Amino acid sequence: MTKQSIHGGWSRRLTFILAAAGSAVGLGNLWKFPYITGEYGGGAFVLVYLVSIALVGVPLFIAESLIGRQTREAPIRALDSLAQASGRSRGWQSIGWLGAVNGLLILSFYSVIAGWSLDYLLGMAQGRFSGASNDEVAAVFDGLLGSVPRLILWHTVFMVAVVWTIARGVQKGIGEAIQLMMPALFALILALLVYGALEGDLPAALSFMFSVDFSRLSLEAWVVALGHSFYTLSLGMAVIMAYGAYMPSGVSLVRTAGIVAVTDTLVALLAGLAIFALVFGNGLDAGSGPGLMFVSLPMAFAQMPFGSLFGAAFFLLVAFAALSSAISLIEPIVAFWVEKTGIARTKATVLLCLFAWCLGMATVLSFNAWSSDTLFHDWFGKTPFDSFDWLSTNILLPLGGVLTALFAGWFVLPALLKQQYQEGGDSKGFSVWLFALRVISPAGVTLVLLTGLGVNLW
Ligand code: PHE
Ligand code: NA
């Protein structure tokens, strides 16, 4: 008998891949990747992001899912028991605590942005955009950001959806919906890309995203590209570790990591191309920030035949993609709390989401009342949203990721690692993987963080 998680498991290999892909593919791909690529200048930024996915992200994805599957426990306890089994300090469980705090922090603003797509879903369904001029489309976005009640309403609706989904449990809640959503999302992005090629400026988008000019890459951009490679694969905060606990034994860790990374990257690149084709075709500013997707795509939906229908479908899928990511942000903490104290799953979920909801108010206000001219802004030079985003993604995720890599690479008994690695049928690549964990990730992340954060190494 192999050990099972008390939260249930995913019986089929495909279900695990879908759930992990559901966690990975989210606002990070559709909304964030395009706008940070725009802000940080395109090609060179994309290259750093891709290299970091391959060298740091994939090995870490394997490590996290391995730790979860080895122990079949929620992250904090998983780290603790693996440390004990390897004769190491119990302090390693702090990686799990770090991830828990970070998950709540990310969920607080993730939900607000997901709420924007719900507002757009309704707007599209009502035909609010059909035939609208570019200025009118832009005004809709400004109107949304200016309306605190509307932002709070959608933030609340989204958070309730998160609670409801998690309360139904792992097997039903997370696994099912994703099987329908992912292919549909792919199809719609491809359709948008075709539209962008016909009506927008695809060559400009291609050259913006793929012509590499390192002289335009700021130190800050390195940090953001690295941070985003963690964020987009849901790494560095023990989410994939939590999901690994539900993963069937015979499944290849390496193949799974590869499939998820490729899927996630494809969605990001295709969405980016579609958006930039429309951005350049409409003479918009690629570096305009968080509103990029919410302005460029509706301009296309406003003009295309059946645009309201396509638009509604698109924002519905964005909201679903965000939902399957959001539940993964909070699932590790819920699972830990349930395992530790026996608290009811629903109660734990409600309390944690309520906390994240309250914290989300700071993000709601970041786009209006607190967008500038506040004490917070004076101190940090950023809005609360930008500060939370920066801290969680660019500092805490890489930190959690490096600690996980160091723990797995240097402190877990190699025999344990090797046995679990091979359990899914992976016979090759173990030492390459171990080298990536031991040397490449720690060195790469440390270098980027230290230089990027202004420590002069030379
Ligand atoms: N990977 C998700 C996205 O790209 C965000 C996420 C980050 C989810 C960290 C879970 C953990 O949108
Ligand atoms: Na992602």
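Residues numbered from 1 in each chain as written. Chains lettered and ligands numbered in written order. Predicted model: local features only at pLDDT ≥ 70, side-chain atom pairs only at ≥ 80, totals over all residues.

A look at the overall build of the protein
In step 1: Scanning the protein for helices and strands turns up 19 helices and 0 strands.
In step 2: Each of the three principal axes of the protein carries a C-alpha extent, and together these read 65 × 55 × 45 Å.
In step 3: Residue burial in the protein is summarised as follows: out of 458 residues, 54% are buried.
In step 4: For the protein, the share of sequence-separated contacts (at least 6 apart) that also reach a separation of at least 24 residues comes to 86%. (Helix = DSSP H or I, 4+ residues; strand = E, 2+ residues; numbered from the N terminus. Buried ≥ 20, exposed ≤ 12 C-beta atoms within 10 Å, placed from the backbone. Contact = placed C-beta atoms within 7 Å.)

Quick notes on the nonpolar core
Most often, soluble globular proteins have nonpolar side chains that are buried together.
In step 1: F61, Y110, F276, A319 and I330 are the most contacted members of the largest nonpolar core, which has 164 residues in total.
In step 2: For this core, the leading source of residues is helix α14 (residues 307–341), giving 21 residues.
In step 3: Residues contacting I330, with those up to four places away along its chain left out, are G103, L107, V162, I166, L352 and C353. (Core = buried A, V, L, I, M, F, W, Y, C linked by C-beta atoms within 7 Å.)

Re the confidence of the model for the protein
In step 1: On average, the protein scores 92 in pLDDT, and the residues at 70 or more come to 96%.
In step 2: The complex model carries a pTM of 0.94, and its ipTM stands at 0.99. (pLDDT = per-residue confidence, 0-100.)

As for the site of ligand 1
In step 1: Near ligand 1 lie 15 residues; those nearest to it are G26, G28, T232, S234 and S325.
In step 2: When residues of the shell around ligand 1 are traced back to their parent elements, those giving at least two are α1 (13–24), α2 (27–39), α10 (219–232) and α14.
In step 3: Residues belonging to the shell around ligand 1 are distributed by class as follows: 7 nonpolar, 8 polar and no charged. (Near = placed C-beta within 6 Å. Nonpolar A, V, L, I, M, F, W, Y, C, P; charged D, E, K, R; others polar.)

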